[in-house]
Amino acid sequence: MIGVLHTDGDYAEWAFPADPTAVRRARAAVRGQLADWDLEELGDVTTLLVSELVTNSLRHASGPIGVRLCRPRGSDGALLVEVSDPLPDPPRARAAAPDDEGGRGLQLVAGVSRSWGTRPGDARTGGKTVWFELALPG
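About the criteria used
- Residues numbered from 1 in each chain as written.
- Predicted model: local features only at pLDDT ≥ 70, side-chain atom pairs only at ≥ 80, totals over all residues.
- Heavy atoms only, no water.
- Helix = DSSP H or I, 4+ residues; strand = E, 2+ residues; numbered from the N terminus.
- Buried < 20%, exposed > 50% of the residue type's maximum accessible area, 1.4 Å probe, protein only.
- Contact = heavy atoms within 4.5 Å.
- Areas by Shrake-Rupley, 256 points an atom, 1.4 Å probe, with all protein chains shown as cover.
- Phe/Tyr/Trp six-rings, centres within 6.5 Å; stacked < 30°, edge-to-face > 60°.
- Lys NZ or Arg CZ within 6 Å of the ring centre and 35° of its normal.
- Axes fitted to C-alpha atoms, helices over the stretch in contact; angles between N-to-C directions.
- Parallel < 35°, antiparallel > 145°, perpendicular 65-115°, else oblique.
- Left-handed = near helix turned anticlockwise from the far one by under 90°.
- Nonpolar A, V, L, I, M, F, W, Y, C, P; charged D, E, K, R; others polar.
- Arc of directions from axis to C-beta.
- pLDDT = per-residue confidence, 0-100.
- Polar contact = N/O pair within 3.5 Å; in protein donor to acceptor, adjacent residues only side chain to side chain.
- 1 Å grid on protein atoms, 1.4 Å probe; cavity = no way out; pocket = protein on both sides within 12 Å on 5 of 7 lines; lining within 4 Å.
- Points joined across faces, edges and corners; volume = space filled by probe spheres on them.

Attention now moves to the overall build of the protein. Assigned secondary structure in the protein consists of 3 helices and 6 strands. Helices and strands appear in the protein in the N-to-C order β-β-α-α-β-β-α-β-β. Put simply, the protein has 138 residues, and 37% of those count as buried. For the protein, restricting intrachain contacts to residue pairs at least 6 apart in sequence, the fraction spanning at least 24 positions comes to 55%. Of the roughly 7,700 Å² that the protein leaves accessible, carbon and sulfur atoms contribute 50%.

It is worth spelling out the packing of aromatic side chains at this point. In this structure the tally under the stated criterion is 0 aromatic pairs. Looking at Arg 68, its charged tip hangs above the ring of Tyr 11, at a distance of 4.5 Å from the centre.

Bringing the packing of helix H1 (residues 21–36) against helix H2 (residues 43–60) into the picture now. In the contact formed by H1 and H2, the axes pass within 9 Å of each other and the chain directions differ by 150°. With respect to each other, H1 and H2 are oriented roughly antiparallel. H1 and H2 meet at a crossing whose hand is right-handed. Facing H1, whose interface residues are Ala 22, Val 23, Ala 26, Arg 27, Val 30, Arg 31 and Leu 34, H2 presents Gly 43, Asp 44, Thr 46, Thr 47, Val 50, Ser 51, Val 54, Thr 55 and Leu 58. Within the contact of H1 with H2, the residues separate by chemical class into 8 nonpolar, 5 polar and 3 charged.

Time to look at helix H3 (residues 105–112). Within the span of H3, buried status applies to Gly 105, Leu 106 and Val 109. The arc that holds the buried residues of H3, viewed along the axis, is 95°, so those residues lie on one side. Turning to H3, the residues buried within the fold contact H2, strand S5 (115–120) and strand S6 (128–135).

Summarising the element assignment, Thr 118 is placed in strand S5. For the pair Thr 118 and Pro 90, spaced 28 residues apart in sequence, the C-alpha to C-alpha distance is 6.6 Å. When near neighbours in sequence (up to four residues on either side) are disregarded, Thr 118 contacts Pro 90, Pro 91, Thr 129, Val 130 and Trp 131.

The subject of this paragraph is the confidence of the model for the protein. Overall, the predicted model of the protein reaches an average pLDDT of 87, with 88% of residues at or above 70. When the elements of the protein are averaged for pLDDT, strand S1 (residues 3–6) gives the smallest value, 56, and H1 the largest, 96.

Along the chain, the position of Thr 47 falls in helix H2. The class for Thr 47 is buried, based on a relative accessible area of 5%. Within the local environment of Thr 47, its side chain forms a polar contact with the backbone oxygen of Asp 44, the two atoms lying 3.1 Å apart.

Below, the discussion takes up the layout of surface pockets. Empty space within the second largest pocket amounts to approximately 440 Å³. Residue lining of the second largest pocket: 22 residues in total, with Gly 66, Ser 84, Asp 85, Thr 125 and Thr 129 positioned closest to the centre. Of all the secondary structure elements, the ones that give two or more residues to the lining of the second largest pocket are strand S2 (11–16), strand S3 (65–70), strand S4 (78–85), S5 and S6. For the lining of the second largest pocket, a count of residues per class yields 8 nonpolar, 6 polar and 8 charged.

This is the structure:
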């Protein structure tokens, strides 16, 4: 079951169970929210990057996965996207060989986003958050 934590105003957030449906559900929730905010132009790239980060969380963490979108307030802002999980260890980018099936997710996030990073979770929940910003279209 998806836990819809908040979808009004300037941010939206959801909690997904750590199961294989989390990636599909996160993509659908993000795409729907971007449409509600008239930011459909960011839909493909945002859902791609969210898919990568949620997949990383599924591979390495065993608890719920949080996804949060923060809508920019002005035309010069950026869309902030955060993916959280209970594992405290930050992700590590690695150099994938040409025939590797994985290892490119963080490279993709770094290459497409305006900026990105990680931070520890709050004292209550622990874990970590991986975030990225996307420039607004135009």
